[in-house]
Amino acid sequence: MEFYPAIEKSDLQDIKKFQEHKLRELVVYLENNSPFYQKLFKENNIHITDIQTLEDLQKIPTTSKNDLQQHNDDFFCISPDKIVDYSTTSGTLGDPVTFGLSDSDLERLAYNEAISFVCAGIRKGDVVQMVTTIDKRFMAGLAYFLGLRKMGASVVRMGPGVPELQWDSIFRYKPKYLITVPSFLLKMIDYAEKHGVDYKNSSVYGAVCIGESIKNQDFTDNILSQKIKEKWDIKLFSTYASTEMSTAFTECEFQIGGHHHPELIITEILDDNENPVEEGENGELTITTLGVEAIPLLRFKTGDIVKAHHEPCGCGRNTMRLGPVVGRKQQMIKYKGTTLYPPAMNDILNDFNTILCYQIVIQSNEIGLDEIIIRLSTEQDHETFMNEVRDHFRAKLRVSPKIEIVDFDILSKTVFNPNSRKPITFIDLR
């Protein structure tokens, strides 16, 4: 297997021709096998022979998470007896969306993670500790394991939480890399410092960070990343993925965005009118999966607002790179004339070492306007600390949210819910 695919080093026109060939194969497959897309093509008078180039994608309506939720079964292109794994993702209407994977889809998933991990510097023979769940119908955990196995790395399947066991495993098996939610690294550091663990002299060289942003839009370290590196001098690699994409965008050693794998996915970045944004502009990532057998997606709007970067990368790949997610489209907040996304508020709250945990709650007030409530736990003097947090928000974002101090034992149970794959730091009640 080629872990540094030639297509990613190819000329941009060759990449485009390659993707157009794959696109033509995909629309034929959907026409023959997908009840949802068969209906969509028919209702919109779309002839698949008219879809020849990437530009022709504009002729096809986009697909949303609501479509997936309302017509979940119609997206399946294979019979149930060919499904070898079921995964789920949270849906916009409350109920989870089911994704089935065929044997071929699992091979594709393993390939995706293998080339992504190689992108981040992991090599055959490295020991990698998975600080993430592989159960609870979580596709990513399974993908990490399959990818590491495919590339010949050794895997320590620790699962999330329990810093004491993580350190025991690190000193026992000497992993070079961790795969983890980055905020958990702070908990591991805190435990190590309180219990005399010599963490700075451990085997860990780097961490592949999932679920939370560690970079600003200019690729400098954000507050969370800075706080980790101030204590523990390890490499942190960003990665962005979703169940719907079955594809990851992972940073290389130059750390200037997650690299696109053109053999696995077609990307568009669209404005509010579903037109391609100008280069350098933010827009909604819209994807078309390639090589997926069970539930391929065509022009699927992810809901994530991102910026693409096309400047040459020192690693030799010519592919587009995705910057950090600006925010989720549905989580955009209009507060007293200012447009906000949760990641900007996360950065401010992560700047306070004395916040034990926090949760951002957005709700509509009695006149229908967005209202921001910051629930947090701290051991500081409450009144003084609330004023400090408000002042920081005013200085950085020009807004002053409502602050509520909540007992740690109460708040931590909602933030670190055992049924959630990552900390629940944002709740939208609008």
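Our structure is the block above this text.
Every value quoted in this text rests on a predicted model; they were computed, and no experiment measured them.

J.: Explanation requested: the nonpolar core in the structure shown.
T.: Note that soluble globular proteins tend to have their nonpolar side chains buried in a common cluster. Within the largest apolar cluster, 46 residues are counted, with the highest numbers of intra-cluster contacts made by Tyr37, Phe41, Ile60, Leu285, Leu297, Leu298 and Leu322. Of all the secondary structure elements, the ones that give two or more residues to this core are helix 1 (12–33), helix 2 (35–43), strand 2 (97–101), helix 4 (103–119), helix 5 (139–151), strand 10 (265–270), strand 11 (283–289) and strand 12 (300–306). In contact with tyrosine 37, not counting residues within four places along its chain, are Leu30, Thr63, Phe75, Pro296, Leu297 and Leu298. If you look at the next biggest cluster of nonpolar residues, it comprises 22 residues, including Tyr335, Leu340, Met345 and Tyr358.

J.: Where do I start with the packing of helix 7 (residues 182–194) against helix 8 (residues 223–231) in this structure?
T.: Between two packed helices, what matters for the description is the angle formed by their axes and the separation of those axes. Relative to each other, helix 7 and helix 8 sit at 30°, their axes nearing to 10 Å. Considering the angle they form, helix 7 stands roughly parallel to helix 8. For the element pair helix 7 and helix 8, the recorded crossing hand is left-handed. Along the contact surface, helix 7 presents Pro182, Ser183, Leu185, Leu186, Ile189 and Glu193, while helix 8 presents Leu224, Lys227, Ile228 and Lys231. Its residues placed into classes, the contact of helix 7 with helix 8 shows six nonpolar, one polar and three charged.

J.: Looking at this model, I keep getting lost on the sheet that holds strand 19 (residues 370–378). Mind explaining?
T.: Within a beta sheet, neighbouring strands are joined by backbone hydrogen bonds and run either parallel or antiparallel to one another. Spatial strand order, 20-19-18-21: four strands in an open sheet with mixed pairing. Only two strands of the sheet have a single neighbouring strand rather than two, namely strand 20 (402–405) and strand 21 (426–428). The mean angle between the axes of side-by-side strands here comes to 20°, regardless of whether they run parallel or antiparallel. Here strand 18 (residues 355–364) runs beside strand 19; their pairing, made up of nine bridges, is antiparallel. Looking at strand 19, one finds that valine 361 is bridged to isoleucine 373.

J.: For this particular structure, what's the right way to read the packing of aromatic side chains?
T.: Each pair of aromatic rings is reported with the distance of its centres and the angle of its planes. For the coordinates displayed, the defined rule picks out 12 aromatic pairs. Ring centres 6.0 Å apart and planes at 90° place the aromatic pair tyrosine 199 and tryptophan 232 in the edge-to-face group. Residue tyrosine 199 is located in the loop between helix 7 and strand 6 (206–209), and its partner tryptophan 232 is located in the loop between helix 8 and strand 7 (235–242); the two are separated by 33 residues in the primary sequence. Of the two residues, tyrosine 199 and tryptophan 232, neither departs from the other in class, the shared state being buried. Members of the aromatic cluster, connected to one another through ring pairs, are Phe36, Tyr37, Phe41 and Phe75. Against the face of tyrosine 4 rests lysine 9, its NZ or CZ located 4.3 Å from the ring centre. The ring of tyrosine 4 has arginine 317 sitting right over it, with the charged end atom 4.4 Å from the ring centre.

J.: Is there a simple way to explain empty space enclosed by the protein in this structure?
T.: Any empty space left between the atoms is revealed when a probe the size of a water molecule rolls over them. With the rule as written, the count across this model stands at one cavity of 30 Å³ or more. Computed from the structure, the largest cavity encloses a volume of approximately 70 Å³. Taken together, Phe99, Gly100, Leu101, Asp105, Arg108, Met139, Glu244, Ser246, Val292, Ala294 and Ile295 make up the lining of the largest cavity. Elements supplying a minimum of two residues to the lining of the largest cavity: strand 2 and helix 4. It is strand 2 that contributes the most residues to the lining of the largest cavity, three residues altogether.

J.: How do you make sense of the pattern of salt bridges when you look at a structure like this?
T.: Oppositely charged side chains can form a pair if their charged atoms are brought close together. Within this structure, the stated rule accounts for 18 salt bridges. Among the ionic pairs, aspartate 190 bridges to lysine 194, the shortest N-O distance being 3.2 Å. In this pair, aspartate 190 and lysine 194 are both assigned in helix 7, four residues apart and thus about one turn of the helix distant. Residues glutamate 193 and lysine 231 are paired through a salt bridge, measuring 3.4 Å at the closest nitrogen-oxygen approach. Of this pair, glutamate 193 sits in helix 7 while lysine 231 sits in helix 8, and the two are 38 residues apart along the sequence. We classify glutamate 193 as partly exposed; its relative accessible area is 41%. Ionic contacts of the salt-bridge type, sharing partners, join the residues Lys16, Glu20 and Glu55 into one network.

Procedures and definitions
- Throughout this description, residue numbers start from 1 for each chain and increase along the sequence as written.
- Local features in a predicted model are, by the rule used here, given only for residues with pLDDT of at least 70; side-chain atom pairs are given and counted only at 80 or more, and totals for whole chains, interfaces and linings are based on all residues.
- Processing note: side-chain calculations cover all non-hydrogen atoms of the structure and skip hydrogens and water entirely.
- Nine residue types can take part in a nonpolar core, namely buried Ala, Val, Leu, Ile, Met, Phe, Trp, Tyr and Cys, and a core is a set of them joined through side-chain atoms within 4.5 Å.
- Under the scheme applied here, a residue whose accessible area is under 20% of the maximum for its type counts as buried, over 50% as exposed, and between as partly exposed, the area being computed with a 1.4 Å probe on protein chains only.
- Labels follow the DSSP assignment, with helices taken as runs of H or I lasting at least four residues and strands as runs of E lasting at least two, numbered in each case from the N terminus.
- Here, residues are in contact when the closest pair of their heavy atoms is within 4.5 Å.
- Here the axes come from fitting lines to C-alpha atoms, over the contacting stretch only for helices, and the angles between their N-to-C directions go from 0 to 180 degrees.
- Geometric relationships in this document are graded by angle, where less than 35 degrees denotes roughly parallel, more than 145 denotes roughly antiparallel, 65 to 115 denotes roughly perpendicular, and other angles denote oblique.
- Each crossing gets its handedness from the near helix: less than a right angle anticlockwise from the far helix is left-handed, clockwise is right-handed.
- Charged means Asp, Glu, Lys or Arg here, nonpolar means Ala, Val, Leu, Ile, Met, Phe, Trp, Tyr, Cys or Pro, and polar covers whatever is left, Gly included.
- At least two bridges found by DSSP between two strands are what make those strands a pair.
- In this scheme Phe, Tyr and Trp rings, the latter by its six-membered ring, pair at centre separations within 6.5 Å, and the angle between planes marks the pair as stacked below 30 degrees, edge-to-face above 60, and tilted otherwise.
- The criterion for a charge sitting over a ring is simple: Lys NZ or Arg CZ within 6 Å of the ring centre, and within 35 degrees of the ring normal.
- Cavity and pocket criteria rest on a 1 Å grid covering protein atoms alone: a 1.4 Å probe that fits but cannot get out defines a cavity, protein on both sides within 12 Å along at least 5 of 7 lines defines an open pocket, and an atom within 4 Å of a point defines a lining residue.
- Grid points are joined across faces, edges and corners, and a volume is the space filled by probe spheres set on the points.
- Any carboxyl oxygen of Asp or Glu that lies within 4 Å of a side-chain nitrogen of Lys or Arg is treated as forming a salt bridge with it.

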